[in-house]
Amino acid sequence: MSAETTRTLNTAVLKPRVTATWIGITGHRVIPSAVLPLVRSELRAQLSGAEGELAALSSLAAGADQLFADIALDHGVSVTAVIPGMDYEAHLGGAEVRSAYRRILRSCAARIHLPAERTHEEAYFAAGRWIVDHCDRLIAVWDGRPARGPGGTGDVVEYARRTGVPVTVVWPPGERRD
């Protein structure tokens, strides 16, 4: 290496590599109306108070996932949709939920389509694990109770904690979901 090249390398200003902080979401599909204002406020605060660039991961299910994705998009945060490997849209819920899913999906920066699983529960849990495995931190809109079925919010939170991903629980103390 020439002396000039060495001098250039030694005096070069290195630009820090800009990377986003990836925030994943898991949460209940039904959020009681008494809890909804606090959940909205806390999700906004989680996206407003962070330093640097943020990116979001959501499976866009009814409830917490869609609410988080909408708030993220409103804050200019790019959202990546993590689609469970099955006929997902058909099992999201009623027409209003499916319409919101399609609307948010059109605004997503990227889509991750996961391989098909044997059951819907396994597909949901696979999506939750994928989100945990690819985020820097997880927000859980969760009442703290065990999952009602395999792959529910409680299972995803347990997986995140077991794998060392920081979890922020957004839920008022003492409140229960319906």
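Scroll up to find the structure this text is about.
As a starting point, this report considers the structure included with it. (Residues numbered from 1 in each chain as written. Predicted model: local features only at pLDDT ≥ 70, side-chain atom pairs only at ≥ 80, totals over all residues. Heavy atoms only, no water.)

1. A closer look at the environment of alanine 20
We count it as follows: Here a strand is any run of E in DSSP of at least two residues, a helix any run of H or I of at least four, and the numbering for each starts at the N terminus. Contact criterion: two residues are considered in contact whenever any of their non-hydrogen atoms come within 4.5 Å of each other.
Position of alanine 20 among the secondary structure elements: in the loop between helix 1 (3-11) and strand 1 (21-27). Alanine 20 sits 35 residues away from alanine 55 along the chain, and the two C-alpha atoms are 6.0 Å apart. With residues near it in sequence (within four places) discarded, alanine 20 still touches Glu53, Leu54, Ala55 and Asp136.

2. Some words on the packing of aromatic side chains
For clarity, the threshold we go by: Two rings from Phe, Tyr or Trp (for Trp, the six-membered ring) form a pair when their centres are within 6.5 Å of each other. A pair whose planes differ by under 30 degrees is stacked, one over 60 is edge-to-face, and the rest are tilted. Here's how the labels work: a residue is buried when its accessible area is under 20% of the maximum for its type, exposed when over 50%, partly exposed in between, all with a 1.4 Å probe on protein chains only. Placement of a charge over a ring requires the Lys NZ or Arg CZ to be within 6 Å of the ring centre, with the centre-to-atom vector within 35 degrees of the ring normal.
Under the counting rule described, the total for this entry stands at two aromatic pairs. Taking the centre distance of 5.8 Å and the plane angle of 75 degrees together, the rings of tyrosine 88 and tyrosine 101 count as edge-to-face. Remark: tyrosine 101 occurs in helix 4 (residues 95-107) and tyrosine 88 occurs in the loop between strand 3 (78-85) and helix 4; sequence separation between them is 13 residues. Grouping residues by exposure puts tyrosine 88 and tyrosine 101 together as buried. Summarising the aromatic geometry, the rings of tyrosine 88 and tyrosine 124 are spaced 6.2 Å apart at their centres and angled 65 degrees between planes, so their arrangement reads as edge-to-face. Pair noted here: tyrosine 88 is in the loop between strand 3 and helix 4 and tyrosine 124 is in helix 5 (residues 120-133), with a separation of 36 residues, a long-range link. Given a relative accessible area of 2%, tyrosine 88 falls into the buried group. Here tyrosine 124 falls in the partly exposed class, since its relative accessible area comes to 22%. Here the aromatic residues Tyr88, Tyr101 and Tyr124 are joined through ring pairs into a cluster of three or more. One Lys or Arg, arginine 29, reaches over the ring of tyrosine 124 and ends 4.9 Å from the middle of that ring. A cation sits over an aromatic face here: arginine 129 above phenylalanine 125, 4.6 Å from the ring centre.

3. Focus: helix 5
Helical periodicity: at 3.6 residues per turn, an α-helix aligns residues three or four positions apart in one direction. Stated precisely, the cut-off is as follows: The length a helix should cover is 1.5 Å for every residue beyond the first.
Across its 14 residues, helix 5 extends 20 Å between first and last C-alpha, which sits within 8% of the 20 Å expected from 1.5 Å per residue. Among the residues of helix 5, Ala123, Ala126, Ala127, Gly128, Ile131 and Val132 are the ones counted as buried. Among the structural elements, strand 1, strand 2 (54-58), strand 3, strand 4 (110-116), strand 5 (137-141) and helix 6 (153-163) are those in contact with the buried residues of helix 5.

4. Observations regarding the pattern of salt bridges
Selection criterion: By definition, a salt bridge exists where a carboxyl oxygen of Asp or Glu is found within 4 Å of a side-chain nitrogen of Lys or Arg.
This structure, assessed with the given rule, holds five salt bridges. Between aspartate 70 and arginine 103 there is a salt bridge; the shortest N-O distance is 2.8 Å. Of the two residues, aspartate 70 is situated in helix 3 (residues 64-74) and arginine 103 in helix 4; the sequence distance between them amounts to 33 residues. With relative accessibility at 24%, the residue aspartate 70 sits in the partly exposed group. Looking at arginine 103, the relative accessible area reads 38%, which means it is partly exposed. Here arginine 177 ties to aspartate 143 by a salt bridge, and the two come within 3.1 Å at their closest N and O atoms.

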